[in-house]
Amino acid sequence: MADTMNIEDYLARGGVLTAPDNASARYRGELMRLMSSFVDSELAASAGFAGAINFAPGIKERIAASRITLEKADHAERVLNIMSDFGTDADRYQAQHDWSARVERNADLGAARRGDDMRLAVFHYPIENWTDAVVMNVLQGLATGIQMNELTRVSYAPLADVFREIALRERRHAELGYEGLQRIASTPEGKKAAREAIAYWNPRVATTFGVVGSSRFDTLRKFGLRHTSNEELLAQWENVSGEKLGMLGL
């Protein structure tokens, strides 16, 4: 791997890198973009669920929301530590945005980023009440589970190792959300509120899978940073979420 082309060929054949020194400039740029999106999304998600703790109707629910708040912040820190290996100033990075900032409820951001804030667009929208928080957590949690299957296979080995640890806890977050949604959907009033929240969050979570026919996908695939197209991931989420919601009559 004496030059950039050889590194790219190596990655295209399924090779992995183990240290920043081995990364080409193009690979480094795409890897940093991927990590920034994850860190920003986890910090924004943590801030959102922190605000939802006081919506919780009981102690069990408060504990679940508190756990999600804590662990998402921890996930961001773990990946930010790897970004530090590439020269990122972690202290400055985590203070650069107001992670609790949200847009108007009916704003339509699509999949667009806002400036240098790399959080997924879904994390710019406000959570209004407990049912809203639970539905958002379920839909986005299922999406995250599918996306983690991609992230745990990235070609930068130290990051893949961290993502494998994170994936287990993200799966539990989705399970906690589903348990809460089961309780909400056990009454007619709860089902009605849940359906309204689903109608709001479903299209916003769908945008987290990116645009159809992404021009960047081939580049990311050559670098071993992506393996499955946006369309395929979206279809997987639609199937899983449809099945899960259908089991609750939603």
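You'll find the structure just up there.
Here's what I pulled together on the structure shown here.

Rules used in this analysis
- Residues numbered from 1 in each chain as written.
- Predicted model: local features only at pLDDT ≥ 70, side-chain atom pairs only at ≥ 80, totals over all residues.
- Heavy atoms only, no water.
- Helix = DSSP H or I, 4+ residues; strand = E, 2+ residues; numbered from the N terminus.
- Rg over C-alpha atoms; globule rule 2.2 N^0.38 Å.
- Buried < 20%, exposed > 50% of the residue type's maximum accessible area, 1.4 Å probe, protein only.
- Contact = heavy atoms within 4.5 Å.
- Areas by Shrake-Rupley, 256 points an atom, 1.4 Å probe, with all protein chains shown as cover.
- Lys, Arg positive; Asp, Glu negative; His and termini not counted.
- Charge placed at Lys NZ, Arg CZ, Asp CG, Glu CD.
- Salt bridge = Lys/Arg side-chain N within 4 Å of Asp/Glu carboxyl O.
- 1 Å grid on protein atoms, 1.4 Å probe; cavity = no way out; pocket = protein on both sides within 12 Å on 5 of 7 lines; lining within 4 Å.
- Points joined across faces, edges and corners; volume = space filled by probe spheres on them.
- Nonpolar A, V, L, I, M, F, W, Y, C, P; charged D, E, K, R; others polar.
- Axes fitted to C-alpha atoms, helices over the stretch in contact; angles between N-to-C directions.
- Parallel < 35°, antiparallel > 145°, perpendicular 65-115°, else oblique.
- Left-handed = near helix turned anticlockwise from the far one by under 90°.
- Phe/Tyr/Trp six-rings, centres within 6.5 Å; stacked < 30°, edge-to-face > 60°.

Looking now at the overall build of the chain. A tally of helices and strands in the chain yields nine helices and zero strands. For 250 residues, the compact-globule estimate of 2.2 N^0.38 gives 18 Å, and the C-alpha radius of gyration of the chain, at 19 Å, lies within 12% of that figure. With the principal axes as the frame, the chain shows a C-alpha extent of 65 × 35 × 30 Å. Here the chain, with 250 residues, has 50% of them falling under the buried criterion. Expressed as a percentage of contacts within the chain between residues at least 6 apart in sequence, the contacts between residues at least 24 apart total 70%. Surface exposure of the chain reaches about 11,900 Å², of which carbon and sulfur atoms provide 51%. Treating the 30 positive side-chain charges of the chain as one cloud and the 34 negative ones as another, the clouds have centres 4 Å apart.

Okay, the pattern of salt bridges next. Applying the stated rule across the entire model yields 19 salt bridges. Measuring nitrogen to oxygen at the nearest pair gives 3.7 Å for the salt bridge that ties E42 to K72. Of this pair, E42 sits in helix α2 (residues 25–52) while K72 sits in helix α3 (residues 59–85), and the two are 30 residues apart along the sequence. Like K72, E42 is buried. Note that D218 is salt-bridged to R221, the shortest N-O span being 2.9 Å. Of this pair, D218 and R221 both sit in helix α8 (residues 217–222), separated by three residues, roughly a single helical turn. A single network of salt bridges, built from pairs that share partners, joins R67, E71, D74, R78, E165 and R169.

To continue, consider the layout of surface pockets. The volume enclosed by the second largest pocket comes to roughly 310 Å³. Around the second largest pocket sit 15 residues that line it, and G141, L142, G145, R171 and A174 are the ones nearest its centre. When residues in the lining of the second largest pocket are grouped by element, the largest group, seven residues, is from helix α5 (residues 130–151). Residues that form the lining of the second largest pocket fall into these classes: eight nonpolar, four polar and three charged.

Helix-helix packing is characterised by the crossing angle of the two axes and by the distance between the axes. Viewed as axis vectors pointing N to C, α5 and helix α7 (residues 188–206) meet at an angle of 40 degrees, and their least axial separation amounts to 9 Å. As judged from the angle between their axes, α5 and α7 are oblique. You can see that α5 and α7 cross each other, and the crossing is right-handed. Across from T131, D132, V135, M136, L139, Q140 and A143 in α5, the residues of α7 making contact are A193, A194, A197, I198, W201, N202 and V205. When grouped by side-chain class, the residues that make up the contact of α5 with α7 number ten nonpolar, three polar and one charged.

Once that is clear, we can look at the packing of aromatic side chains. Tallying each qualifying case throughout the model produces six aromatic pairs. Ring centres of F38 and F163 lie 5.0 Å apart, and the angle between their planes is 75 degrees; on these two criteria the pair is classed as edge-to-face. Taken together, the positions of F38 in helix α2 and F163 in helix α6 (residues 157–184) put the pair 125 residues apart, joining distant regions of the chain. Since its relative accessible area comes to 0%, F163 is described here as buried. When the ring of F209 is compared with that of W237, the centres are 5.8 Å apart and the planes differ by 40 degrees; the resulting orientation is tilted. Here W237 lies in helix α9 (residues 230–247) and F209 lies in the loop between α7 and α8, a separation of 28 residues in the sequence. The exposure classification of F209 matches that of W237, with both residues buried.

Quick look at the packing of α3 against α6 now. Orientation of α3 relative to α6, taken along the N-to-C sense of each, is 165 degrees, at an axis distance of 10 Å. Viewed along their axes, α3 and α6 adopt a mutual orientation that is roughly antiparallel. Once α3 is placed against α6, the crossing between them reads as left-handed. In this structure, α3 uses K60, E61, A64, R67, I68, E71, K72, D74, H75, R78, V79 and I82 to contact α6, whose residues at the interface are P158, L159, V162, F163, E165, I166, R169, E170, R172, H173, L176 and R183. Considered class by class, the residues forming the contact of α3 with α6 number ten nonpolar, two polar and twelve charged.

So far we have only geometry, and geometry alone does not tell us how the molecule works.
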